[in-house]
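Survey of secondary and tertiary structure
Here's the letter readout for the chains.
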Amino acid sequence: MKVNEVMVTEVARCSPQTSLQDIAMLMWNNDCGAIPLVDDDEHPVGIITDRDISMGAALQQKPLWELRGEQISNHRELYCCEPEDSIQKALQLMEAREVRRLPVVNQYNQLCGMVSLGDIVSFTSTKSVKKAGDAKIPSADTMEFLRHISAHHPSHKATATL
């Protein structure tokens, strides 16, 4: 099974200069937990999650309307996949980089979709034997990813001025 069979193609996105308040509203209005940041050519340059918004505001002690997406995502590497990548390859990348969502880019490196843990789980088979023509992801692949990403990881202590 390939990424393009499970990815979301209508993806809310914004520029790196968008305020965290506006990004939070994009998440609310589009029922999602991550918004890719794209440049003028639609190339993904970062991603903001709902957790990033709360931690960014808390650590910088500023209101959401004073913080920009680029201030939160600037120092993190962005991991993407392609529509023709296998689900197994996407899961391996998610597991290795400990992320739950991947922007999907086309041959021009432009955003064309998003694939998330939820998207993959919704296509995971609960049966060990599948009928010909069924498009399902083997549960063993998904469970291994879930085990890894859900495990406790070392905390990232940040110094906050109170």
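Summary of the structure given here. Numbers given to residues run from 1 along each chain, matching the order in which its sequence is written. With pLDDT at 70 or above as the cut-off, local features in this predicted model cover only qualifying residues; side-chain atom pairs require 80 or more to be listed or tallied, and sums for whole chains, interfaces and linings still use all residues. Side-chain measures here rest on the full set of heavy atoms in the structure, leaving out hydrogens and waters.

1. A short note on the pattern of salt bridges
- By definition, a salt bridge exists where a carboxyl oxygen of Asp or Glu is found within 4 Å of a side-chain nitrogen of Lys or Arg. Using the criterion set out here, one finds three salt bridges in the structure.
- The residue Arg13 makes a salt bridge to Glu42 at a minimum N-O spacing of 2.4 Å. Of this pair, Arg13 sits in the segment before α1 (20-30) while Glu42 sits in the loop between β1 (34-38) and β2 (44-49), placing them 29 residues apart in sequence.
- One salt bridge connects Arg76 with Asp52, and the closest N-O pair in it is separated by 3.1 Å. With Arg76 in the loop between α3 (69-73) and α4 (87-97) and Asp52 in helix α2 (residues 50-60), the pair connects residues that are 24 residues apart, well separated along the chain.
- Arg76 sits in the partly exposed class, given a relative accessible area of 37%. Helix and strand definitions follow DSSP, with helices as H or I runs of at least four residues and strands as E runs of at least two, each counted in order from the N terminus. Burial here depends on accessible area, computed with a 1.4 Å probe over protein chains only, as a share of the maximum for the residue type. Under 20% is buried, over 50% is exposed, and the range in between is partly exposed.

2. Regarding the nonpolar core
- By size, the foremost hydrophobic cluster in this structure holds 13 residues, and its most contacted members are Val3, Leu102, Val115 and Ile120.
- Those elements that place two or more of their residues in this core are α4 and β3 (101-105).
- Considering every element that reaches this core, the biggest residue donor is α4, with four residues.
- Excluding its chain neighbours within four sequence positions, the residues that come into contact with Val3 are Cys81, Glu82, Pro83, Asp85, Ser86, Ile87, Ala90, Val104 and Val115.
- What we call a nonpolar core is a set of buried Ala, Val, Leu, Ile, Met, Phe, Trp, Tyr and Cys residues that are connected through their side-chain atoms within 4.5 Å. Leu20, Leu37, Ile53 and Leu67 belong to the second-largest nonpolar core, a separate cluster that totals twelve residues. Pairs of residues are marked as contacts when any of their non-hydrogen atoms sit within 4.5 Å.

3. Concerning the side chain of Asp119
- Structurally, Asp119 is set in helix α5 (residues 117-122).
- Positive charges come from Lys and Arg alone, negative charges from Asp and Glu alone, with His and the N- and C-terminal ends not counted. Lacking a salt bridge, the buried Asp119 has Arg101 as its closest oppositely charged neighbour, with an N-O distance of 8.3 Å.
- Here Ser116 takes part through its backbone nitrogen, which lies 2.8 Å from a polar atom of the side chain of Asp119.
- With sequence-adjacent residues up to four places away left out, Asp119 is seen in contact with Val6, Val8 and Met114. Residues adjacent in sequence count toward polar contacts only when both atoms are side-chain atoms; beyond that, a polar contact is any pair of N or O atoms within 3.5 Å, and within protein one must be able to donate a hydrogen and the other to accept it.

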